[in-house]
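Notes for the structure review
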Amino acid sequence: MPKVTIDGIEIEVPKGTTILQAARMIGKHVAPPAMCYYSKLKVSGGYCRTCIVRVTKGSAANPTPMPKPVASCRTEVMDGMEVANYTSEQNLIDRKGVVEFLLLNHPLDCPVCDQAGECHLQDLSYENGSANTRYDFDRRSFEKIDIGPYVQLHMTRCILCFRCVNTANQLTEKRVHGVMNRGDVSEISTYITKSIDNEFSGNIIDVCPVGALTDKTFRFKSRVWFTKPVDANRECKKCAGKVRLWFKGEDVLRVTGRKDQWGEVTDWICNDCRFEHKRYSDWNIEGPSHIDHHSVISQNHYELAKLKLDTGKQLKELKSKKQVDKK
Amino acid sequence: MGKQLLLENINVQGISTLEVYRANGGYKALEKALKMQQSEVVDEVKKSGLRGRGGAGFPTGMKWGFIAKPEGVPRHLVCNADESEPGTFKDRFLMQNKPHMLIEGMILSSYALGANVSYIYIRGELLYVYHILEKAIQEAYDAGLLGKNILGSGFDLELYVQCGAGAYICGEETALIESLEGKRGNPRIKPPFPAVSGVWGRPTVVNNVETIAATVPIILMGGDEYAKIGIGKSTGTKLISACGHLAKPGVYEIEMGLSTEEFIYSENYCGGIKNGKKLKAVVAGGSSVPILPAELFLKTAKGEPRLMSYESLADGGFATGTMLGSGGFIVLDETASIVKNLWNFTRFYHHESCGQCSPCREGTGWMEKVLHRILEGHGKQSDVDLLFDIQSKIDGKTICPLGEAASWPVASAIRHFRAEFEEYVNHPEKIKDVKHYYNMRNLQPTA
Amino acid sequence: MSKEIKFTDDTMALVQRMIKRYPEGKQKSALIPVLHLAQMEFDGWLDAPVMDYVALILNIKPIEVYEVASFYSMFNLKPVGKCLIEVCRTGPCWLLGAEDLVRHIEKKLNIKDGETTPDGMFTLKTVECLAACGTAPVIQVGETYHENMSTESVDTMLNDYKSSGERKTHFDKKHIKTQL
């Protein structure tokens, strides 16, 4: 098995592991951020360029450094490879540049965006962006299109990560939305007005890293940090029925997939679970959700007591799960 | 004039037909190649030192050597005829006048690579050349030069032309492969390289039109003889598409190593600058290579004469040198505005960005807007540095080389002509008659 | 569009021939050439039902056709005039006066870049490098390249096309028979 050193920490990983996956195995402190890569998708990554790293030593056999930064999500590790992520100043400057590009045309409508509080672009810009913008032109706008009763599309917020397109490719035979046009006027669209409806279409909301695709049934209902996430399940014929309920008082305002520490869903859920079961009585409650990815939501530390009890067990589970993922 | 290996007989009446092409020695190289072992053909190309004529200059023999040969998986040769780099028109010229030379090169190269189905991907705008090629291919089939058991050698080849539909990015080899597969021209993330997994996941070699055509004289004269032409590692002849403010623009075949001064001013070539004006700057290898001011173009920083070769043009790195690229030779005279010219190129890259990765998608548009602002007389003091910074954030951060192609012109124009930018910013009143269209987008005409 | 969306027999035969150029199951590869033929057959542009028809023929999802058609600049997703005038606006053409030609045509036809004359005869479009920089400025009309253009030769060109009245939007019908 190849050994790779990332930010000075060595790890042995199965052949075929990417730099990003290896970094995630080491831990959060070395894992590069990722806006388009999604480990649950068979095809993803390579586009956004936020996960770029410097390969300072190609491999034991060929130690030549790679001349340009590489997308860690699409670059496989070689035995003896050395990678600099947070330890390379140039890499951080480069990443800051990428973040600036991603924010260039992104509207500053966080105060009215339902994604705020669990938005990966917010996190990314907080960690890697600068407070000021150097872009003083009009941001681009798009004609609004309606993609059905469940999903709200805000094209202006889209960063073209292709996750929703890849998700549709993976979960349905009948993808009806895609990327139209090219360059900076590319847009997610169905082209002819048509709603996106298949039994798993709601998952495109969960994979969207920004507020481009949000839950229409949750629209403007509440800021996410005022709602309490609870893991729950039900018998479902279409999916595993393992979800996260978002409560405000006694009301279930929203149902989503459960997300792991990288903000990725652990199971795809069906539209039936997501949109049609919003009563407390529909679900078997498992307990408060542990959220450690999004700072704003995890301000409610009410689940910590439970978590502490299970920490050892959970870590073990996580580790064995990673081994499975790798395969 | 130097040796004419590719453009020989180009003015012979009817050379585009099989009959005349053959009467003038055509398909002799193919006959010779088919009597050789496949590996011997590859060896001749390796010995010739031929380098990719599409712009990157990668050794062709080496590229051929990389092709994977898994058992039972077909391999493909794809000819890149998506000539779209501003300033470049040599492939179009060659294909429309001597289509059989490309076809002959395709057959013998396919033989060398062991490909039995090959494609010529031609840009959509050149539909009329597409029809010329279709006709020539049909002639070749009728004469037993294509299809089963070519010239009794036992080698089979099907050759098809496919046209694109208007996208510069499809000149990038993996975008071309995607387009050939009927998809959007989004470049693939490498690795895997096409030599391992190309069109339909099969091992593929993608070569430029001129590269493939050059294999014909290489086989005829032998790789060693070919390597004697030229200078150093720049062997053989190169087609140069000369355009811009020149007395005699056009396609010229030069022996590598000709001096840049002779190429521009000799009556055998471009015949000097149009209307007796003075030379201001040259973009030597297609719009994406760094622009050089006249003095640096004619002489290197060391004061040596600059030659038309991969090495000499690159002498001095990007600080004082440029690249041979595709041989798209754009000449600007003293009346030309570097800033306006740069804006035009930048708009081009903005228009042609595929939109897949963020630095190129967002950065090209931003640079265009800043340049447009300067040209409108609303430039800010900080804009020149801003432009330089934006290009540095794109350069090297993208999936494919379009990012670099958009960055280098900006970096080099500011490097060599900073004063002109500052003049525009500080004295907007001096910008006379800003004639340009600011089309953010006109992919789609309106009814 | 009132007429039935169906290729003529000859065009359909050519489509089938194009599909056979690719390995079995890779018929999507014929998409771009087939879209050219569709534009030729259905008034020079691709209406959604036309694209759906192409999807049906190639046995792919309609969205795959929309994605591709909207990517390439030669596919018109809106109606165009009978004669599509495409003026190169890049680099060398622009250095040698393409701008003036565009202004001249705009004035003469009383339309702006991207627009169609009210009689549906001409659409003006500026396009990127046409690979004919040595004979700049260049105008493409249908399949034909007009090189070394001046305002005078543009006038003659427009008059010729107006009086001939033939469709000039890329792929020319006359090639169908020869390529069958």
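The model shown is predicted, which means the values in this text are computed figures rather than measured ones.

So, how was this worked out
Residues numbered from 1 in each chain as written. Chains lettered and ligands numbered in written order. Predicted model: local features only at pLDDT ≥ 70, side-chain atom pairs only at ≥ 80, totals over all residues. Helix = DSSP H or I, 4+ residues; strand = E, 2+ residues; numbered from the N terminus. Rg over C-alpha atoms; globule rule 2.2 N^0.38 Å. Buried ≥ 20, exposed ≤ 12 C-beta atoms within 10 Å, placed from the backbone. Contact = placed C-beta atoms within 7 Å. Pairing = 2+ DSSP bridges. Axes fitted to C-alpha atoms, helices over the stretch in contact; angles between N-to-C directions. Nonpolar A, V, L, I, M, F, W, Y, C, P; charged D, E, K, R; others polar. Parallel < 35°, antiparallel > 145°, perpendicular 65-115°, else oblique. Left-handed = near helix turned anticlockwise from the far one by under 90°. Domains from an automatic or database assignment. pLDDT = per-residue confidence, 0-100. Expected span 1.5 Å × (residues − 1). Core = buried A, V, L, I, M, F, W, Y, C linked by C-beta atoms within 7 Å. Arc of directions from axis to C-beta.

**Here we look at the overall build of chain C**
What chain C contains, in helices and strands, is eight helices and four strands. Tracing chain C from N to C terminus, the helices and strands come up as α-α-α-α-β-α-α-β-β-β-α-α. What you see for chain C is a C-alpha radius of gyration of 17 Å, in line with the 16 Å of a compact globule of 180 residues. Taken along its principal axes, the extent of the C-alpha atoms in chain C is 50 × 35 × 30 Å. Sorting the 180 residues of chain C into buried and exposed places 52% on the buried side. The contacts of chain C with a sequence gap of at least 6 include a subset with a gap of at least 24, amounting to 64%.

**Side note on the overall build of chain B**
Secondary structure summary: chain B contains 18 helices and 11 strands in total. The C-alpha atoms of chain B give 22 Å as radius of gyration, which agrees with the globular expectation for 447 residues (22 Å, within 12%). C-alpha atoms of chain B, sized along the principal axes, occupy 75 × 45 × 40 Å. Taking all 447 residues of chain B together, the buried fraction comes to 59%. When contacts within chain B are restricted to residue pairs at least 6 apart in sequence, long-range pairs at least 24 apart make up 72% of them.

**Looking at the sheet that holds strand β2 (residues 122-127) of chain C**
Residue and element names in this part refer to chain C. Here we have four strands laid out as an open sheet, ordered β2-β1-β3-β4, and mixed in their pairing. Each having just a single partner strand, β2 and β4 (144-146) make up the two edges of the open sheet. The mean angle between the axes of side-by-side strands here comes to 25°, regardless of whether they run parallel or antiparallel. As judged from the three bridges shared by strand β1 (residues 83-88) and strand β3 (residues 139-141), these two strands associate in the antiparallel manner. Opposite Glu86, over in β3, you have Gln140 as the bridge partner.

**Digging into the interface of chain C and chain A**
With seven residues of chain C at the interface, the matching set in chain A holds 11 residues. Its residues assigned to classes, the side of chain C that touches chain A comprises four nonpolar, one polar and two charged.

**Thoughts on the sheet that holds strand β4 (residues 204-208) of chain B**
Residue and element names in this part refer to chain B. Across the sheet, which stays open at both edges, the four strands sit in the order β3-β2-β1-β4 with parallel pairing between neighbours. Taken across any chain shown, the strands that pair with only one partner, and hence form the sheet edges, are β3 (158-163) and β4. In this sheet, adjacent strand axes meet at a mean angle of 20° when their direction is disregarded. One ladder, built from six bridges, connects strand β1 (residues 76-81) with strand β2 (residues 117-122); its direction is parallel. Paired with Ala81 across the strands is Ile122, a residue of β2. Sheet contacts for helix α6 (residues 99-113): β1, β2, β3 and β4; angle to β1, the most-contacted strand, approximately 150°.

**A closer look at the interface of chain B and chain C**
Contact residues are listed per partner, giving 56 residues for chain B and 53 residues for chain C. Put simply, the parts of the chain that give the side of chain B that touches chain C at least two residues each are α7 (127-142), β3, α8 (173-180), β7 (237-244), β8 (250-255) and α15 (338-352) of chain B. Among the elements that take part in the side of chain B that touches chain C, α15(B) stands out by supplying five residues, more than any other. A class-by-class count of the residues in the side of chain B that touches chain C yields 24 nonpolar, 23 polar and nine charged.

**Describing the packing of helix α3 (residues 38-48) of chain B against α6(B)**
Residue and element names in this part refer to chain B. As a packed pair, α3 and α6 sit with axes 7 Å apart at the nearest point and diverge in direction by 115°. By the criterion of interaxial angle, the relationship of α3 to α6 is roughly perpendicular. The two elements α3 and α6 cross, and the hand of that crossing is left-handed. Together, Gln38, Val41 and Val42 of α3 and Leu108, Tyr111 and Ala112 of α6 make up the contact between the two elements. Residue composition of the contact of α3 with α6, grouped by class: five nonpolar, one polar and no charged.

**Overview of the pairing of strand β13 (residues 284-288) of chain A**
Residue and element names in this part refer to chain A. The element β13 is barely covered by neighbouring structure, given that only zero of its five residues are classed as buried. Pairing between strand β10 (residues 228-233) and β13: four bridges, direction antiparallel. Looking at β13, one finds that Ala232 is bridged to Ile285.

**Section: the domain arrangement of chain B**
Residues and elements named next belong to chain B. Partitioning chain B into structural domains gives domain 1 (18-228), domain 2 (240-331) and domain 3 (338-430). Just the C-alpha atoms count here: the centres of domain 1 and domain 2 sit 28 Å apart. Listed per partner, the contact involves 11 residues of domain 1 and 16 residues of domain 2. Its residues placed into classes, the side of domain 1 that touches domain 2 shows three nonpolar, five polar and three charged.

**Points about the confidence of the model for chain B**
Confidence in the prediction of chain B, expressed as mean pLDDT, is 94, and 96% of residues score 70 or more. This model gives residues 436-447 of chain B a pLDDT under 50, and the stretch forms 35 contacts once residues within four places in sequence are excluded.

**Some words on the environment of B:Val209**
Along the chain, B:Val209 falls in helix α9 (residues 209-221). Setting aside residues up to four positions removed in sequence, B:Val209 forms contacts with B:Cys79, B:Asn80, B:Ala81, B:Asp91, B:Leu94, B:Met95 and B:Leu102.

**Some words on the environment of B:Phe93**
With respect to the helices, strands and loops of the structure, B:Phe93 is situated in helix α5 (residues 90-97). When the C-alpha positions of B:Phe93 and B:Phe348 are compared, they lie 23 Å apart, and in sequence the two are 255 residues distant.

**Concerning the confidence of the model for chain C**
Confidence in the prediction of chain C, expressed as mean pLDDT, is 94, and 98% of residues score 70 or more. Prediction confidence for the complex, expressed as pTM and ipTM, is 0.93 and 0.96 respectively.

**Some thoughts on the packing of α6(B) against α9(B)**
All names here are of chain B. Where α6 meets α9, the axes come as close as 8 Å, and the angle between the chain directions of the two elements is 75°. Classified by the angle between their axes, α6 and α9 sit roughly perpendicular to one another. Contacts between α6 and α9 involve Met101, Leu102, Glu104, Gly105, Met106, Leu108 and Ser109 on the former and, on the latter, Val209, Ile212, Ala213, Thr215, Val216 and Ile219. A class-by-class count of the residues in the contact of α6 with α9 yields nine nonpolar, three polar and one charged.

**Details of the domain arrangement of chain C**
With domains assigned, chain C is organised as domain 1 (9-71) and domain 2 (83-164). A C-alpha centroid distance of 28 Å is found between domain 1 of chain C and domain 2 of chain C.

**With respect to the pairing of strand β11 (residues 242-248) of chain A**
All names here are of chain A. Pairing geometry for β10 and β11, over six bridges, is antiparallel. What sits directly across from Asn233, in β11, is Lys242. Two strands pair when backbone bridges link them, and β11 and strand β12 (residues 251-257) are joined in this way by six bridges, in the antiparallel orientation. Within β12, the residue paired with Trp246 across the bridge is Arg254.

**Points about α15(B)**
Given 3.6 residues per turn, any residue in an α-helix points the same way as the ones three and four places further on. For α15(B), built from 15 residues, the straight-helix expectation of 21 Å at 1.5 Å per residue is met to within 8% by its first-to-last C-alpha distance of 21 Å. With 14 of 15 residues buried, α15(B) lies mostly within the body of the structure.

**What to know about the nonpolar core**
If you look at the biggest cluster of nonpolar residues, it comprises 262 residues, and the most contacted ones within it are B:Leu102, B:Ile107, B:Ile122, C:Val34 and C:Leu35. Not counting residues up to four positions away in its chain, the partners in contact with C:Val34 are C:Val15, C:Met18, C:Val54, C:Ile57 and C:Leu58. Grouped together as the second largest cluster of nonpolar side chains are 11 residues, A:Val243, A:Leu245, A:Cys270 and A:Cys273 included.

**Some thoughts on helix α6 (residues 98-109) of chain C**
Residues and elements named next belong to chain C. For α6, which comprises 12 residues, the first-to-last C-alpha distance of 16 Å matches the rise-based estimate of 16 Å (1.5 Å per residue) to within 8%. All of the buried residues along α6 are Ala98, Leu101, Val102, Ile105 and Leu109. Projected down its long axis, α6 shows its buried positions confined to an angular sector of 100°, all on one face. Contacts from the buried residues of α6 go to β1, α5 (91-95), β2, β3 and α7 (151-164). Once α6 ends, the next one or two residues include Asn110, with phi positive near 60°.

**Considerations on the environment of A:Asn62**
Of note, A:Asn62 is situated in the loop between β3 (52-57) and β4 (70-71). Residues A:Asn62 and A:Glu199 lie 137 residues apart in sequence; the distance between their C-alpha atoms is 49 Å.

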